[in-house]
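Residues per chain, in single letters:
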Amino acid sequence: MAKKKKITDFSTKDIHYKEDNIQYKVLRFNPSFMTVHVTKLEDNEKTTIEMPFAHLPKAIKKIIKPN
């Protein structure tokens, strides 16, 4: 069986970006599924969503480094 990779927690680090007037903050990265949990700050509302790693901006991908 394949090994499960550990989920990396980025909630203590200040990794955030802005896209379409929406502020995103990276919380966790799951390398097994290549997904990222982010907090979406829009109109003073906070929601946590899961999105594919591939949808992140290139600068943020370089910080996270999945390999």
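For the structure itself, consult the block above.
Note that this is a predicted model, so its numbers are computed, not measured.

Participant: Sorry, what's going on with the overall build of the protein chain here?
Facilitator: What the protein chain contains, in helices and strands, is one helix and five strands. Reading the helices (α) and strands (β) of the protein chain from amino to carboxyl end gives β-β-β-β-β-α. Evaluated residue by residue, the protein chain yields a buried proportion of 28% over its 67 residues. Long-range contacts, defined here as pairs at least 24 residues apart, represent 21% of the contacts in the protein chain between residues at least 6 apart. Here the protein chain has roughly 5300 Å² of accessible surface; of this, 51% comes from carbon and sulfur atoms. Each charge sign in the protein chain was given a centre, from 14 positive and 8 negative side chains, and these centres are 14 Å apart.

Participant: Looking at this structure, I do not really get the pattern of salt bridges. What am I missing?
Facilitator: It is possible for side chains bearing opposite charge to pair when their charged atoms get close. Under the defined criterion, the tally for this structure stands at one salt bridge. Of the charged contacts in the structure, one is a salt bridge between glutamate 42 and lysine 40, with a shortest N-O distance of 3.8 Å. A residue is classified by how much of its surface remains accessible, and lysine 40, at 22% relative accessible area, is partly exposed.

Participant: What is the right way to read the pairing of strand β5 (residues 45-52) from this model?
Facilitator: Remark: a regular strand shows side chains that alternate across the two faces of the sheet. Examined bridge by bridge, strand β4 (residues 35-42) and β5 share eight bridges and lie antiparallel to one another. The residue bridging threonine 39 from the neighbouring strand is threonine 48, located in β5.

Participant: How should I be thinking about the packing of aromatic side chains in this particular structure?
Facilitator: How two aromatic rings sit relative to each other is set out by the distance from centre to centre and by the angle between their planes. Within the structure shown, the criterion is met by two aromatic pairs. The interplanar angle of 20° and the centroid separation of 5.1 Å between the aromatic rings of tyrosine 17 and tyrosine 24 together place this pair among those described as stacked. On the basis of relative accessibility, which here comes to 7%, the residue tyrosine 17 falls in the buried class. With a centroid separation of 5.2 Å and an interplanar angle of 50°, the aromatic rings of phenylalanine 29 and phenylalanine 53 are classed as tilted. Remark: phenylalanine 53 occurs in the loop between β5 and α1 (58-64) and phenylalanine 29 occurs in strand β3 (residues 22-30); sequence separation between them is 24 residues. The class of phenylalanine 29 is buried, set by a relative accessible area of 3%.

Participant: Sorry, what's going on with the nonpolar core here?
Facilitator: Among soluble globular proteins, nonpolar side chains are generally buried collectively. One finds Val26, Val36, Leu56, Ile60 and Ile64 to be the most contacted residues of the largest nonpolar core, which totals 14 residues. For this core, the secondary structure elements donating two or more residues are β3, β4 and α1. With four residues, the single largest contributor to this core is β3. Once residues within four sequence positions are removed from consideration, isoleucine 60 is found in contact with Ile15, His16, Tyr17 and Val26.

Rules used in this analysis
Residues numbered from 1 in each chain as written. Predicted model: local features only at pLDDT ≥ 70, side-chain atom pairs only at ≥ 80, totals over all residues. Heavy atoms only, no water. Helix = DSSP H or I, 4+ residues; strand = E, 2+ residues; numbered from the N terminus. Buried < 20%, exposed > 50% of the residue type's maximum accessible area, 1.4 Å probe, protein only. Contact = heavy atoms within 4.5 Å. Areas by Shrake-Rupley, 256 points an atom, 1.4 Å probe, with all protein chains shown as cover. Lys, Arg positive; Asp, Glu negative; His and termini not counted. Charge placed at Lys NZ, Arg CZ, Asp CG, Glu CD. Salt bridge = Lys/Arg side-chain N within 4 Å of Asp/Glu carboxyl O. Pairing = 2+ DSSP bridges. Phe/Tyr/Trp six-rings, centres within 6.5 Å; stacked < 30°, edge-to-face > 60°. Core = buried A, V, L, I, M, F, W, Y, C linked by side-chain atoms within 4.5 Å.

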